[in-house]
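Chain by chain, the residues:
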Amino acid sequence: YTEEQQEEDAAPRGGGRPLAAICDPSRLPHRVVVLCFMCFLGFGSYFCYDNPAALQTQVIQDMNLNTAKFMQLYAWYSWPNVFLCFFGGFLLDRVFGIRLGTILFSLFVCVGQIIFAAGALANQFWVMEMGRFVFGIGGESLAVAQNTYAVNWFKGKELNLVFGLQLSMARLGSTVNMNIMGWVYSRVMDATGSPGHTTLGASLMIGKYYTLLCIGLQFTYKATRLSLCFTAGEVIQLTDVKNFPLSLWLIFIICVGYYVAVFPFIGLGQVFFIEKFNFSPAQARAVNSIVYIISAPASPLLGFMVDKTGRNVIWVIIAVVATLAAHMMLAFTFWNPWIAMSLLGVSYSLLACALWPMVAFVVPDHQLGTAYGFMQSIQNLGLALIAMAAGAILDTRGYLFLEVFFCACICIALMAVVALYFVDYLKGTSRLEP
Ligand SMILES: C[C@H](NC(=O)[C@@H](N)CCCCN)C(=O)O
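Procedures and definitions
Residues numbered from 1 in each chain as written. Predicted model: local features only at pLDDT ≥ 70, side-chain atom pairs only at ≥ 80, totals over all residues. Heavy atoms only, no water. Axes fitted to C-alpha atoms, helices over the stretch in contact; angles between N-to-C directions. Helix = DSSP H or I, 4+ residues; strand = E, 2+ residues; numbered from the N terminus. Left-handed = near helix turned anticlockwise from the far one by under 90°. Contact = heavy atoms within 4.5 Å. Nonpolar A, V, L, I, M, F, W, Y, C, P; charged D, E, K, R; others polar. Disulfide = S-S within 2.5 Å. Buried < 20%, exposed > 50% of the residue type's maximum accessible area, 1.4 Å probe, protein only. Near = heavy atom within 4 Å. Polar contact = N/O pair within 3.5 Å; in protein donor to acceptor, adjacent residues only side chain to side chain. Areas by Shrake-Rupley, 256 points an atom, 1.4 Å probe, with all protein chains shown as cover. Domains from an automatic or database assignment. pLDDT = per-residue confidence, 0-100. Parallel < 35°, antiparallel > 145°, perpendicular 65-115°, else oblique. Phe/Tyr/Trp six-rings, centres within 6.5 Å; stacked < 30°, edge-to-face > 60°. Lys NZ or Arg CZ within 6 Å of the ring centre and 35° of its normal.

Packing of helix H8 (residues 125-154) against helix H9 (residues 159-192) brings their axes to within 10 Å, and their N-to-C directions diverge by 145°. For H8 against H9, the interelement crossing comes out right-handed. Contact residues: H8 offers Gln146, Asn147, Ala150, Val151 and Phe154, while H9 offers Leu159, Val162, Phe163 and Gln166. When the residues that make up the contact of H8 with H9 are grouped by side-chain class, the tally is six nonpolar, three polar and no charged.

Have a look at this one:
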């Protein structure tokens, strides 16, 4: 990432004339415009991320899969990011810079979705897996870029709220996906006359247009020459990773222990609610999407609350305990699952708003992309392994054992966040809050 690129990114455009507030990076109107562009980044990526979950029954039937093979679609998303996510963050910090990096990663998201849909059209599951591989390279590094943008522009200001707003737009993408893809499939089936891989591929190809939205916005953003204020000078070294503090490693463990009980669960949730609670497919889709439906409005509100109260670690403890309670309700009771899923929606939103900003409190700005990349690499290693394990457990031992397995994962996150509380407490001055 050359000096010229840093100067290009950092120097506001105005030629010496006073900039209008909306073009002045130091003014709130400019930051609001930047935030709007940042929020759209997540919409397309999250819309496509859970395409398999929204069409679980159709994908399994049309491609003739079992659950373990179906979950490979999530595993192939995560496998490249075990390594590439880390390098994606390093490339952002050191090579491309955040603007060019974001555009490149957005292109991977769109191309990956096209390959994924083409695999269904061609009735070649391995092509669908390759599409998820390419999509994953872009999707996770795009999330790293989004987190880095947020800290670069809003650290010390409304950082938890900004993470909440970004997550809100991402959840909106997931919610639209969960509730529209089944309808799209039905309409395409009416047009093609029958279900099958062709109908599935055409439906998924329609889904890619949402990812085009985030790419178009990035080009717009670059075209308007809006700039980004970098703290020039310090440059990440790959060897910096060995100096990451213990509190950051504990944040990584919390992240992987928690998310492996959320994304794979939602990926398998639709059939779970049909089989355990005798829900119709439409009811199952609705209750499975309530996590995202709640998270969309709740994330900014909870982010604002965390901004005002601080105590991020305490909020993460509360979120993890509430999530454990939700999974135990789903595992050991037949209580209305809307209760547990609503609790999961609120706790998941609180966790995301309070956990991700903490990275910015424990590493210097020039290491942010690498730190977020490493965090998502570890998260994706866990997601890839658990996605495969969850599919295999379900095929062999059923949902009760799977839910107990998810509860055990959440307990690992709980032990890590309690350890983080004491590590932060023993430091005397709490560093884990804005
Ligand atoms: C903020 C957090 N993001 C992640 O966990 C990403 N690794 C997942 C990205 C999935 C879509 N590309 C979250 O979603 O809570």
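So much for the structure itself; the text now carries on.
Further remarks concern the state of the cysteines. Counted under the stated rule, the structure contains zero disulfides. For the unlinked cysteine Cys407, the closest cysteine sulfur is that of Cys411, found at 6.8 Å. Classification of Cys411 as partly exposed rests on a relative accessible area of 31%.

What follows concerns the site of the ligand. Neighbouring the ligand are 15 residues, the closest being Ser45, Tyr46, Glu140, Tyr259 and Gln379. Interatomic distance of 2.6 Å between a side-chain N/O atom of Tyr259 and an oxygen atom of the ligand. Between the ligand and the protein, one listed contact pairs a nitrogen atom with a side-chain N or O atom of Gln379 at 2.6 Å. Considered on its own, the ligand offers 410 Å² of accessible surface; in the complex 97% of this is hidden by protein. At the level of elements, helix H2 (28-49), H8, H9, helix H15 (337-355) and helix H17 (368-397) are the ones that each hand at least two residues to the shell around the ligand. With three residues, the single largest contributor to the shell around the ligand is H2. Looking at the shell around the ligand residue by residue, the class counts come to nine nonpolar, four polar and two charged. In this structure, the shell around the ligand is formed jointly by two domains, domain 1 (24-221) and domain 2 (234-433), each of which donates at least three residues.

What follows is about the confidence of the model for the protein chain. A low pLDDT score tells you not to read the predicted coordinates there in detail. Here the protein chain averages 82 in pLDDT, and 85% of its residues register 70 or above. Below a pLDDT of 50 lies the segment residues 9-14, which in the model reaches 18 contacts outside its immediate sequence neighbourhood of four places, other chains included. Two numbers describe this predicted complex: its pTM, 0.78, and its ipTM, 0.93.

Two elements in contact, helix H5 (residues 67-78) and H17, have axes separated by 8 Å at closest approach and are oriented at 180°. Considering the angle they form, H5 stands roughly antiparallel to H17. Here Thr67, Ala68, Met71, Gln72, Tyr74, Ala75, Tyr77 and Ser78 of H5 come into contact with H17, specifically with Asn380, Leu383, Ala384, Ala387, Met388, Gly391, Ala392, Leu394 and Asp395. In terms of residue class, the contact of H5 with H17 is made up of 11 nonpolar, five polar and one charged.

In this section: the packing of aromatic side chains. Per the stated rule, a full pass over the model turns up 32 aromatic pairs. Ring geometry for Trp249 against Phe374: centres 5.3 Å apart, planes inclined by 90°, an arrangement best described as edge-to-face. Taken together, the residues Trp249 in helix H11 (residues 246-259) and Phe374 in helix H17 connect sequence positions 125 residues apart. Residue classification places Phe374 among the buried residues on the basis of a relative accessible area of 18%. Relative to Phe422, the ring of Tyr421 has its centre 5.3 Å away and its plane inclined at 85°; by these criteria the two rings are edge-to-face. If you follow Lys276 out to its NZ or CZ, it ends over the ring of Phe334, 4.7 Å from the centre. Over the face of the ring belonging to Phe401 we find Arg397, whose NZ or CZ atom lies 4.6 Å from the ring centre.

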